[in-house]
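Descriptive structure summary
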Amino acid sequence: MREYLLGNVAIARGILEAGAGVVSGYPGTPSSEIVEHLAPLAKEHGIHVEWSVNEKVAMEVAIGASWTGCRAAVTMKHVGLNVAADPFMTLAYLGIGGGMVLISADDPFCHSSQNEQDSRRYAAFARVPCLDPADPQEARDMTLRGFSLSEEFGLPVMLRPTTRVSHARATVDVGTPRERKASPGFEKNPPHRVALPVHARPLHAELLDKQAGIEEALAKEGWNRSQMRGEVGVIGSGIGGLYAEEAIAELEADVSLLRIGAYPILRDTVGDFLEEVDRILVVEEMDPVLEEFVEMVAKERNPGVEILGKRSGTIPAVGELDPLTVRNTIARMIGLPERTAPRMSTEVLSILPPRPPALCPGCSHRAAYYAMRKAFGRDAVFPNDIGCYTMGVGMGTVDTCLCMGASITVGTGIRFGGEERGICAVLGDSTFLHSGLTGLLNAAYNGARMTVAILDNSTTAMTGHQPHPGSGETAAGEESPAISLPEICRSLGAGLVETADPYDLVSMIETFERARDYPGLSVVVARRSCVISDIRTGIRRPRLRVDGEKCGGCKLCVSFGCPAIEFDGKVATINALCSGCGVCADICPQHAMEVAR
Amino acid sequence: MRTSDCDVVVVGVGGQGVILISEIIGRAAMLAGLSVRGVETHGMAQRGGSVINHIRVGCSYSAMISPGGGDVLVAMEPAEALRYASYLSPAGVALVNTRPLLPVTVTTGQASYPSIEEILAPLREASSRVYPMDATGLAGKAGSPQAANVVMLGALARHLPIGEGRLQEALSEIVPARFLEVNRKAFELGKIEVE
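Residues numbered from 1 in each chain as written. Chains lettered and ligands numbered in written order. Predicted model: local features only at pLDDT ≥ 70, side-chain atom pairs only at ≥ 80, totals over all residues.

If you tally the helices and strands in chain A, you get 24 helices and 22 strands. The C-alpha radius of gyration of chain A comes to 27 Å, within 12% of the 25 Å expected for a compact globule of 597 residues. On the principal axes, the C-alpha backbone points of chain A span a range of 80 × 65 × 55 Å. Across the 597 residues that make up chain A, the buried fraction comes to 53%. (Helix = DSSP H or I, 4+ residues; strand = E, 2+ residues; numbered from the N terminus. Rg over C-alpha atoms; globule rule 2.2 N^0.38 Å. Buried ≥ 20, exposed ≤ 12 C-beta atoms within 10 Å, placed from the backbone.)

Right, here's the structure in full:
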């Protein structure tokens, strides 16, 4: 059956076709659509699909499921694997029960991420197989085969799609979902389930002994394949191999190609290729993982071969590959003309206004930041976190962004490091539940004097509005008791906990002032549903307009930064993007904003 | 040799329905038995940022179009047309919605928005086939300014190696039934606009 599928949906289909019984994950671009596609199908297929509270939790849930003999998948973005690294590393020692596939989606160019880390390094670090799909078809095929390979090796298998695979769409051949098999249940087997030192030492040796067999087995899968056509060669991994294949076809050139889709690689696969060529180019996204391996094999098999790639500066070491760069690099190697894109001069492009992503019109985060700045002043320190609210960086209330949950802990360190000014750490509800709880507990326990602001819009907005334990429902749409953020914060030891509505600007400012003046650890929950959720659930507020007679042209409202507020040269105006939050009416000293009729 | 029958770059602003255009073309190409590839902007940029989608009809390589390789540039917003003009091949066609959407850098006075002529002039230097149109206005006539993306699709139809029937079929499969009438009208108005 052929369908036009998003890469992540193709992965989800592979999971269904493998008959997995449990799928867990934490949202993160570019991985989120896998669980999103499966959640509504959970009931129909009798599978458990969950948004876990963080990646470590998701990984451990999948491991437990696998240990009952059921097939399990876990999804996350590359940086999520840092959070889940602890169970991941030791799982490779203990091994799996039912087949387990870990999907860790990488994001070259940081389209929606804080770094460009390469998950293939983690796979090599843990010594588990890693599949690097080039397109949605391969992503589906590798996912499906990944489960049985996992069972053959007794190890989890990592699938490492990149943004341009996860968010590509293509015609994909898919099969029918397989029914979930009844799992035998957990079998007691301490030497393979209890990571005591006495068990871990032999397990480490066992893991190392497996490697040669894994290389041999993966070499037979057809994902590492070569085509010999001359003494110039290209070795490409994942989508890099596909870019190279297209470039060679377009150039109609005699260039040999080795495409790599599975790690660890059999040395002979690369060695046999290297013996036939005298110059090669290595094309891969992110780190020179493949390139380093090629260099190592070249020393044994063809020390004279010239190796071009990231380490020679031939292929850019940062950012994302693109087909033109790959094409032109190959063209240069074989003496064919490069193709120059009709570049617009910087002079021409300089007339264009920048269009960075921004907080939505009516977003409550903007109002919360405004109130925060009023209460704490511009001079206070605002450790921030990961979510939509990081886009408020232009408002002066985003001073740090490191990783999920780090706002509170970094703020704690800033206080104990000797900072005397006010500190207001900011994070969202989903991020707080992901990894802010431990930081708040630590701050309370160690007596950090600071304020924590939880911008609670009752959803995981940035990644596409996934529910979490505060939302009152699960991924599959089942009702679940919505936990109370204020109650959790009190239990964790915060001395003052208050809740306010950012749309009620005056009360929001007063709440922040009380938190600022509290001589200990205070928490402010700024609670207001996401405007996008409001639109989806049919909540409509009347738009505002500016009374041109009253407007003094002070531009205070304009500097608020709402995309719905414009300035026509004399007075402010409100455009059709207005969502009716009414906050600008509280900001205007002339009371010029009124509800439009 | 060519590695794709038709490469289309669709650009605009997050929230303008750029993904819908890709979905309809992709579905229609599949119905026509053609191999198709696309890639979308998800995540952060969807929050009012600049977005670009690639669609390759009759292609079995990657979904990414090279700068200078686009047969058609479909721009839902004029400034975005110029921002991504380098994707257009010298023989390519540019379909440009002339209705600006001001970025927050402009509304807050940090940057200014150029005139439509300032945007179109360099575009016309890059390509001799630039078709500006008020797609948002036409969509309003069809019943909803939100359907500007389908107006653009109607204008694009004649440049695709896919029969119009297939596009209509894909449109009715993807658009919810209650919006279908408006979208059919929008498609028709877009088609007429470039005739």
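Here the narrative resumes.
The next point concerns the overall build of chain B. Counting secondary structure elements, chain B contains eight helices and six strands. Its helices and strands taken in sequence order, chain B reads β-α-β-β-β-α-β-α-α-β-α-α-α-α from the N to the C terminus. Judged by the C-alpha coordinates and their principal axes, chain B covers about 50 × 45 × 35 Å. Put simply, chain B has 195 residues, and 62% of those count as buried.

Residue and element names in this part refer to chain A. One way to put it is that helix H17 (residues 364-376) packs onto helix H21 (residues 505-517) with a least axis distance of 8 Å and a crossing angle of 45 degrees. Judged on the interaxial angle alone, H21 and H17 are oblique. Of the two possible hands of crossing, H17 and H21 adopt the one that is right-handed. Across from Ala367, Ala368, Ala371, Met372, Lys374, Ala375 and Phe376 in H17, the residues of H21 making contact are Leu505, Met508, Ile509, Phe512, Glu513 and Arg516. (Axes fitted to C-alpha atoms, helices over the stretch in contact; angles between N-to-C directions. Parallel < 35°, antiparallel > 145°, perpendicular 65-115°, else oblique. Left-handed = near helix turned anticlockwise from the far one by under 90°. Contact = placed C-beta atoms within 7 Å.)

All names here are of chain A. Overall, parallel pairing links the four strands, which are arranged S15-S16-S18-S17 in an open sheet. Edge positions in the sheet fall to strand S15 (424-428) and strand S17 (496-500), since each has one partner strand and no second. Across this sheet, the average inter-strand angle for adjacent strands is 20 degrees, counted without regard to direction. Strand direction decides the pairing type here: S15 and strand S16 (residues 450-456), joined by five bridges, are parallel. Looking across to S16, one finds that Ala425 is bridged to Val452. Packed onto the sheet, H21 meets S16, S17 and strand S18 (521-527) and runs at close to 170 degrees relative to S17. (Pairing = 2+ DSSP bridges.)

Attention now goes to the pairing of strand S1 (residues 4-13) of chain B. All names here are of chain B. Most of S1 is tucked away: nine of the ten residues are buried. Here nine bridges tie S1 to strand S3 (residues 50-59), and the two strands are oriented antiparallel to one another. Residue pairing across strands places Cys6 opposite Val57, the latter belonging to S3. Inspection of the sheet shows S1 paired to strand S4 (residues 70-75) by four bridges, in the parallel sense. By the bridge assignment for S4, Val9 is matched with Leu73.

The partner chain B presents 51 residues to the 50 residues of chain A that form the contact. Looking at the side of chain A that touches chain B, the elements that each hand over two or more residues are strand S1 (2-6), strand S8 (168-173), helix H12 (239-251), helix H15 (323-333), helix H23 (556-559) and strand S20 (565-567) of chain A. Within the side of chain A that touches chain B, the residues separate by chemical class into 29 nonpolar, seven polar and 14 charged. Relative to strand S2 (residues 36-39) of chain B, S8 of chain A is paired through three bridges, and the arrangement is antiparallel. Of the residues in S2 of chain B, the one forming a bridge with Arg169 of chain A is Gly38 of chain B. (Nonpolar A, V, L, I, M, F, W, Y, C, P; charged D, E, K, R; others polar.)

Turning our eyes to something else, we now look at the environment of Pro30 of chain A. For Pro30 of chain A, the position within the fold is in the loop between strand S2 (22-25) and helix H2 (33-38). With 26 C-beta atoms packed within 10 Å, Pro30 of chain A lands in the buried category. The sequence separation of Pro30 of chain A and Gly304 of chain A amounts to 274 residues, and the corresponding C-alpha distance is 40 Å. Contacts of Pro30 of chain A, omitting those with residues within four sequence positions, involve Lys77, Ala105, Asp107, Ser112, Thr163, Ser166 and His167 of chain A together with His42 and Gly43 of chain B.

Now for the packing of H12 of chain A against H15 of chain A. Residues and elements named next belong to chain A. Relative orientation of the contacting elements H12 and H15 amounts to 55 degrees, with a least axis distance of 9 Å. What the angle tells us is that H12 and H15 run oblique. Like other packed secondary-structure pairs, H12 and H15 cross with a definite hand, here right-handed. Between H12 and H15, the residues in contact are Tyr243, Ala244, Glu246, Ala247, Ile248, Glu250 and Leu251 and Pro323, Val326, Arg327, Ile330 and Ala331, respectively. Looking at the contact of H12 with H15, its residues break down into nine nonpolar, no polar and three charged.

So, about the sheet that holds S8 of chain A. Strand order in the open sheet formed by eight strands is S1(A)-S8(A)-S2(B)-S3(B)-S1(B)-S4(B)-S5(B)-S6(B), with mixed pairing between adjacent strands. With partners counted over all chains shown, the strands left at the sheet margins are S1 of chain A together with strand S6 (129-133) of chain B, one partner each. Across the sheet, the axes of successive neighbouring strands diverge by a mean angle of 20 degrees, strand direction being ignored. Across the face of the sheet, helix H8 (residues 136-153) of chain A comes into contact with S1 and S8 of chain A while running at roughly 60 degrees to S8 of chain A.

With 13 residues, helix H14 (residues 289-301) of chain A should reach 18 Å at 1.5 Å per residue; the first-to-last C-alpha distance of 19 Å fits that figure. Of all the residues in H14 of chain A, the buried ones are Val289, Leu290, Glu291, Phe293, Val294 and Val297 of chain A. (Expected span 1.5 Å × (residues − 1).)

Now for helix H6 (residues 148-156) of chain B. Extensive coverage of H6 of chain B is indicated by the burial of nine of its nine residues. Regarding H6 of chain B, the residues found buried are Ala148, Asn149, Val150, Val151, Met152, Leu153, Gly154, Ala155 and Leu156 of chain B.

All names here are of chain A. When its domains are assigned, chain A resolves into domain 1 (2-219), domain 2 (225-333), domain 3 (364-536) and domain 4 (544-595). Inter-centroid distance (C-alpha atoms) of domain 1 to domain 3 is 32 Å. Facing 19 residues of domain 1, the contacting portion of domain 3 comprises 18 residues. Secondary structure elements with two or more residues in the side of domain 1 that touches domain 3: H2, helix H3 (42-45), strand S3 (48-51) and helix H5 (78-83). (Domains from an automatic or database assignment.)

Let us look at unusual backbone geometry. Residue and element names in this part refer to chain A. The omega torsion of the bond from Thr29 to Pro30 falls at 10 degrees, within 30 degrees of zero and hence cis. A cis amide bond, omega 0 degrees, links Tyr263 with the succeeding residue Pro264. One can find Pro264 in the loop between strand S12 (262-263) and helix H13 (267-274). A positive phi is found at His465, a non-glycine position, where the angle reads about 65 degrees. The backbone of Lys555 sits at a positive phi, close to 65 degrees, despite the residue not being glycine. Positionally, Lys555 belongs in the loop between strand S19 (544-546) and H23. Given 15 C-beta atoms within a 10 Å radius, Lys555 is considered partly exposed.

Turning to the confidence of the model for chain B, a few remarks are in order. For chain B, per-residue confidence averages 94 on the pLDDT scale, and residues scoring 70 or more make up 100% of the total. Overall fold confidence (pTM) sits at 0.96, and the ipTM for the predicted complex is 0.94. (pLDDT = per-residue confidence, 0-100.)

Moving on, we get to the environment of Gly569 of chain A. Looking at where Gly569 of chain A falls in the secondary structure, it is placed in the loop between S20 and strand S21 (572-574). Separated by 455 residues in the primary sequence, Gly569 of chain A and Gln114 of chain A place their C-alpha atoms 38 Å from one another.

In terms of nonpolar packing, the biggest core is built from 182 residues, with Ala62 of chain A together with Leu73, Ala81, Val151 and Met152 of chain B touching the most fellow members. At eight residues, the largest contribution of residues to this core is made by helix H1 (residues 18-31) of chain B. Setting aside residues up to four positions removed in sequence, Leu73 of chain B forms contacts with Val9, Ala81, Tyr84, Ala85, Tyr87, Leu88, Gly92 and Ala94 of chain B. Among the nonpolar cores identified, the runner-up in size contains 75 residues, and Ala494, Ala515, Val531 and Ala572 of chain A belong to it. (Core = buried A, V, L, I, M, F, W, Y, C linked by C-beta atoms within 7 Å.)

Looking now at the pairing of S8 of chain A. Of the strand pairs in this sheet, S1 of chain A and S8 of chain A are connected by five bridges, and their pairing is antiparallel. Residue pairing in the sheet places Glu3 of chain A in a bridge with Val172 of chain A of S8 of chain A.

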